[in-house]
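Architecture and fold: a report
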Amino acid sequence: MSRVIRAALFQTAWTGDKESMIQVHEQAARDAAAQGAQVLCFQELFYGPYFCQVQDKAFYEYAERIPEGPTVRRFQTLARELGIVLVLPMYEEEQPGVLYNTAAVIDADGTYLGKYRKTHIPQVRGFWEKFYFRPGNSGWPVFDTAVGRIGVYICYDRHFPEGWRALGLAGAEIVFNPSATSRGLSRYLWQLEQPAAAVANEYFVGAINRVGVEDLGDNDFYGTTYFVDPEAQFVGEVASDKETELVVRDLDLAKLREVRDRWQFYRDRAPGAYGPLTAP
């Protein structure tokens, strides 16, 4: 039996300041809801530039408490007004000097459901993330929302198959992968890794990337946001590689049972043989 939800992703360029960036995303949420979207995920560190192109402690000021901070509270009110589930990738301050790359999940009635903290933290040219973030300690939670069971895996995480599988084992039906990824570095992987993860773990993936070149560096964020199903088929067109775009797609979650009954990957796992994978 069909079980269709309407889901949305939003890619955009840095506006130049935090408040206008938040307003752009508020309007995107309104536009998504007007098109019937029931769940919406924003891009990585959505209300700021991708400041990890440089190492400057001034950007610590972008961090907020979650859920007590003003941005989560603001979007809780909006989620309640619109009746939409929101995934907010943010810069989190747990306490002074303890900072994470985090996604907060808000249900359609405005309830704060919890957060995922990015586990794998890069430290390479243009992506100096260890200067800003501790490795996440949240595990891989799956959130029971008004539209179903959703998980989050943030940007660089996607290169590591273990978290994808943990989300599947925990019952995720859709996994959102908010990102800030650059044309010259990873474009060849962008439409390969997430479809492969969707197939291997038998769920839908929503992959979000920002667009444009920001004044902090020469990273060229190439958009091309998309949804992919558990048969590695893109759901509708892939978004622009240059322009702001709201992607709204219908996802039939009944396909998960069909694909899992066909392949039985979860039945045929051999976890007793995987001990060496966790060795340091």
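Residues numbered from 1 in each chain as written. Predicted model: local features only at pLDDT ≥ 70, side-chain atom pairs only at ≥ 80, totals over all residues. Heavy atoms only, no water.

**A word on the pattern of salt bridges**
We count it as follows: Salt bridge, as used here: a side-chain nitrogen of Lys or Arg that lies within 4 Å of a carboxyl oxygen of Asp or Glu. Secondary structure is summarised from DSSP: a helix means a run of H or I of at least four residues, a strand means a run of E of at least two, and numbering begins at the N terminus for each. Working definition: with a 1.4 Å probe on protein chains only, accessible area under 20% of the residue-type maximum means buried, over 50% means exposed, and in between means partly exposed.
Tallied over the full model, the rule gives 23 salt bridges. Between arginine 30 and glutamate 81 there is a salt bridge; the shortest N-O distance is 2.6 Å. Here glutamate 81 lies in helix α2 (residues 70–82) and arginine 30 lies in helix α1 (residues 18–34), a separation of 51 residues in the sequence. The partner of arginine 183 in a salt bridge is aspartate 220, with the nearest N and O atoms 2.9 Å apart. Note that arginine 183 is positioned in helix α4 (residues 183–201) and aspartate 220 in strand β13 (residues 220–222), a separation of 37 residues in sequence. For arginine 183, a relative accessible area of 23% gives the class partly exposed.

**Examining the packing of α1 against α2**
To be explicit about the condition: Note on method: axes are straight lines fitted to C-alpha atoms, helices fitted across the in-contact stretch only, with angles between N-to-C directions ranging 0 to 180 degrees. Roughly parallel refers to an angle under 35 degrees, roughly antiparallel to one over 145, roughly perpendicular to one between 65 and 115, and oblique to any angle outside these ranges. A crossing counts as left-handed when the near helix is turned anticlockwise from the far one by less than a right angle, and as right-handed when that turn is clockwise. Throughout, a residue-residue contact means that at least one pair of heavy atoms, one from each residue, lies within 4.5 Å. Each residue gets one of three labels, nonpolar for Ala, Val, Leu, Ile, Met, Phe, Trp, Tyr, Cys and Pro, charged for Asp, Glu, Lys and Arg, and polar for the others, Gly among them.
Packing of α1 against α2 leaves a shortest axis separation of 11 Å and a crossing angle of 20°. It follows from the interaxial angle that α1 and α2 lie roughly parallel. Classified by chirality, the crossing of α2 by α1 is right-handed. Here Lys18, Glu19, Ile22, Gln23, His25, Glu26, Ala29, Arg30 and Ala33 of α1 lie close against α2, whose contacting residues are Thr71, Arg74, Phe75, Leu78, Glu81 and Leu82. Split into classes, the residues belonging to the contact of α1 with α2 amount to six nonpolar, three polar and six charged.

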